[in-house]
Structure formats: C-alpha cells, structure tokens
Amino acid sequence: TNLLDQAISLGFFEAEISEHQIRINLSKNQADILLTLNSGPRYHFGKTEFIQTGYSFEQKFLQRYLPYVLGQPYQMGLVNTLQSHLSNTAYFSNLSVTPTPDKKTHTVNITVETATQKRVKYTLGLGYGTETGARITLGSDIRYVNSRGDYLTLAIQASKIYQEVIASY
C-alpha cells in the first residue's frame, strides 16, 4: 500500500502491483519477497482553475502562488505546497485544492476554491509600560485594497508621553 501511495503521489495514477510473492525457505530461515510495480505513464500538471467566492483577485496575482508550471511532472507535494502558500495569506477564510487526474491526456487539473476573509479587520489594544504609562492602540488591516492583492495596515498608538501613527502598504 505504501509503495502504491508513493507512486500515486508522484503522478503514476495507473500504477498497480502485477506480481507479489513471498518465498519462504524454512531450512535457511529466509524469506524472499517479490513485488513488481507497473507504474504506467507519469501524469503532468494540467490547467489550474481558481473558483472564487467573495472578492475576486486577478488571475495573474493568484498564479504567483503556484509552485509548479503547466506540463511539469505531477507531485502531490507541490499541491500541498500550493495549499500551504494560499492558507498562509490573510486573504482566504475557506480554501480547497482538488487534483483531478485525466486518463485520456495523462494530466492532473487542479481546482482551487476560495472564499475571501472580510475585507477589513479591526484591532484594539490596551497596555501599560513603564516608559509610556497607559496606552491604547487602534488599528485596521485592509486585506485586499485591489484585485492585485495589495494590503494596507494602519495603526495609531497613543499614551500621555507619545503618539505614533503607523501605515504600511
């Protein structure tokens, strides 16, 4: 099972064990195991389709997260890397990455379904420091300013001693 799972994870979706034998030699206390794996053709990455719910990003922006190119030999690890890259952004609340092998073309098409987070996230912080005294922090993250994925962070920190405004784009 592990051998077949490894073959499939490397794109050999038609792999099968055609021969399996265990030969036991009792007089020598030995056993020989014979396994023959017919791998079949190796599949390659086909098209990647993004199905977006909520805000829609440009395809060019989403494509930059792909760790593979069209026609590259399929590896399940690269599909997992894609899911990890997208999960580590602040853009999506739900994410599904589904590979679909096509036996006719020996390709694996990838469907990525996304649902975006709320556009704006607000933060509030209260604290006390020996150098600043009581302080308050108000902030907001605008997770997607446009369809290119631009991100804006604003924060205001105020205390009796100092005030600070932070903005990053």
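Residues numbered from 1 in each chain as written. Predicted model: local features only at pLDDT ≥ 70, side-chain atom pairs only at ≥ 80, totals over all residues. Heavy atoms only, no water.

(A) Here's a closer look at the sheet that holds strand β7 (residues 133–142). The strand order across the open sheet built from 4 strands is β6-β7-β8-β9, with neighbouring strands paired in antiparallel fashion. A single partner strand is all that each edge strand has here, and the edge strands are β6 (120–129) and β9 (163–168). Direction aside, the axes of adjacent strands within the sheet are offset by 10° on average. Both β6 and β7 contribute to a ladder of 10 bridges, which runs antiparallel. Counted as the bridge partner of Thr123 is Gly139 from β7. (Pairing = 2+ DSSP bridges. Helix = DSSP H or I, 4+ residues; strand = E, 2+ residues; numbered from the N terminus. Axes fitted to C-alpha atoms, helices over the stretch in contact; angles between N-to-C directions.)

(B) Examining the sheet that holds strand β3 (residues 44–53) more closely. Here 3 strands make up an open sheet; going across it, the order is β3-β5-β4 and the pairing mixed. Where the open sheet ends on each side, the last strands, each with one partner, are β3 and β4 (92–102). Adjacent strand axes in the sheet meet at a mean angle of 15°, parallel and antiparallel pairs treated alike. Sitting on the sheet, helix α3 (residues 76–87) touches β3, β4 and β5 (107–116), and the angle it makes with β4 is about 165°. (Contact = heavy atoms within 4.5 Å.)

(C) Local environment of the nonpolar core. Counting residues in hydrophobic clusters, the biggest one holds 21 residues, and the most contacted among them are Leu82 and Ile110. Looking at this core, the elements that each hand over two or more residues are β3, α2 (59–63), α3, β4 and β5. Element by element, the count of residues in this core is highest for α3, at 4 residues. (Core = buried A, V, L, I, M, F, W, Y, C linked by side-chain atoms within 4.5 Å. Buried < 20%, exposed > 50% of the residue type's maximum accessible area, 1.4 Å probe, protein only.)

(D) The environment of Thr100, seen in detail. In this fold, Thr100 is placed in strand β4. Each C-alpha atom, one on Thr100 and one on Gly46, is 9.3 Å from the other, the two residues being 54 residues apart in sequence. If sequence neighbours within four positions are ignored, Thr100 has contacts with Thr107, Val108 and Asn109.

(E) Region of interest: the side chain of Ser159. With respect to the helices and strands, the residue Ser159 is situated in strand β8 (residues 152–159). If we ignore the near neighbours within four places in the chain, the residues touching Ser159 are Thr132, Ala134 and Arg135.

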